[in-house]
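As a plain string of letters, each chain reads:
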Amino acid sequence: MTHILHRQINAVLPVASGGKGIELFDSNGRAYIDASGGAAVSCLGHGHPDVIAAMHRQADTLAYAHTSFFTSDIAEALADRLVADAPAGISHAYFVSGGSEAVEAALKMARQYFVEIGQPQRRNIIARKQSYHGNTLGALATGGNEWRRAQFRPLLIETHHIDPCFAYRFQEAGETDRDYAARAAQALEDKIIELGPETVMAFVAETVVGATAGAVPPVADYFRRIREICDRYGVLLILDEVMCGMGRTGTLHACEQDGVAPDLMTVAKGLGGGYQPIGAVLLSQKIFDAFANGSGLFQHGHTYICHPMACAAALAVQDVISRDRLLDNVEAMGAHLARRLGERFGNHPHIGDIRGRGLFMGVELVEDRSTKQPFDPKRKLHARIKKAAMANGLLVYPMGGTIDGAVGDHVLLAPPFICDVAAIDAIVERLDDAIGEALRS
């Protein structure tokens, strides 16, 4: 009997007892290749000695000090590193305990910014359908996953959603990437005009859509157009890189590949690599200046912000990524993963799309490849794939509701940055076996 309220109450879960490199081990001694990094978290894999040593040193020095009384050297050092490596215009960092908290804080920053500069009428948030920004009420309201939102709808603030830039599902036959990017971005301008430009506070988007749709990258100059539209109407651009950021796509920030810089950016997951719970909001100088020259504070806070142990783990993770040139490996192994997925599934009758960037890849399953018809959601194909994969010693991140929160199945892959060719090959082979078994069952 368990006294934990688990995600699935009647599920019987194996007990994780250890981990080393790209593998996790259960209490029965079984090994699993962690091909999803949990939920795109464990970027350095498990048991990295340098990160563990850094945490030991910090524990010996200072475990906790409340930020209403103190700052800490380690939090200052982590902020210095993140700002130095951030997109243009980012000047400060605000540390929290995870992605949902980061999104919640970013929304509050956006609102307070407009209050500080004398535009309190700006209150509307625009995001995208079939997005995920977290499970706190503000973040859930911003996200566009209807299945997650449904039962909590009476508690959610009003937000507004446009279609995502999702080429496989929304690009029209014969439409070029550039034309589709223009049409997808135009939806934002249309919504701003519909709501009234003077009322719109922020546009929130995952640079590469994560778990709700399966590693969906933008096409062509979509985000450049989005940035221009936001600037035209004085709307803040909030990029959610909780899942796709911190090196996952081959650059430290996914938006580097799109040539844009946000006003606010949320990061987590790979920031601390799972060694400690940590997230952050990276904010631009203009947001900071509005606070500094106005009320002189950010009206928000949590008990564990800037937690020294979490900051120590995160700084150590970033040090290892930089020292070992792991972003080069993400790029190289990401190219190998894309190639191997293409070789194995490119002509598969039930794989409709293979997509993503770097070591952040998704495959979408369809019943009919020619029509893109998804499988009946009652079949719960994603759950069958997860079960078959675990039985075969593989951890992947399958999800249902790819299309609208209820319909469509995909599998997300996000292996650790330290993986090699042999690991990638093993992941693809075991995934093929799991998909085959799930389809037969």
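Everything below is about the structure printed above this text.
Residues numbered from 1 in each chain as written. Predicted model: local features only at pLDDT ≥ 70, side-chain atom pairs only at ≥ 80, totals over all residues. Heavy atoms only, no water.

**Points about the pairing of strand S12 (residues 360-365)**
The condition is simple: Under the scheme applied here, a residue whose accessible area is under 20% of the maximum for its type counts as buried, over 50% as exposed, and between as partly exposed, the area being computed with a 1.4 Å probe on protein chains only. Put simply, DSSP H or I for four residues or longer makes a helix, DSSP E for two residues or longer makes a strand, and each gets a number counted from the N terminus. Each pair of strands is called paired provided DSSP finds at least two bridges between the two strands.
When you tally the buried positions in S12, you get six out of six residues, the bulk of the element. Here S12 shows two buried faces, one formed by Phe360, Gly362 and Glu364 and the other by Met361, Val363 and Leu365. Bridge count for strand S11 (residues 351-357) against S12 is six bridges, and the pairing is antiparallel. Residue Arg357 lies in a different strand from S12, and its bridge partner there is Phe360.

**Let's talk about the packing of aromatic side chains**
Stated precisely, the cut-off is as follows: The aromatic pairing rule takes the rings of Phe, Tyr and Trp, using the six-membered ring of Trp, and pairs them if the centres are within 6.5 Å, calling planes under 30 degrees apart stacked, those over 60 edge-to-face and the rest tilted. A ring has a charge above it when a Lys NZ or an Arg CZ is no more than 6 Å from the ring centre and no more than 35 degrees off the ring normal.
For the coordinates displayed, the defined rule picks out six aromatic pairs. Arranged with centres 5.0 Å apart and planes meeting at 70 degrees, the rings of Tyr113 and Phe114 form a pair that is edge-to-face. Like Tyr113, the residue Phe114 is buried in the burial classification. Connected via pairs of aromatic rings, a cluster forms that spans Tyr94, Phe291 and Phe298. Above the face of the Tyr132 ring, Arg148 is positioned so that its terminal group lies 4.3 Å from the ring centre. The ring of Tyr168 carries Lys372 above its face, with NZ or CZ at 4.4 Å from the centroid.

**Topic: the environment of Arg30**
To keep things clear, this is the line we draw: By the convention used here, residues are in contact when the closest approach between their heavy atoms is within 4.5 Å.
For Arg30, the location among the structural elements is in the loop between strand S2 (23-26) and strand S3 (31-34). Between the C-alpha atoms of Arg30 and Ala391, which are 361 residues apart in sequence, the distance is 9.9 Å. When residues no more than four places from it in sequence are discounted, the contact partners of Arg30 are Leu24, Phe25, Met390, Ala391, Asn392 and Gly393.

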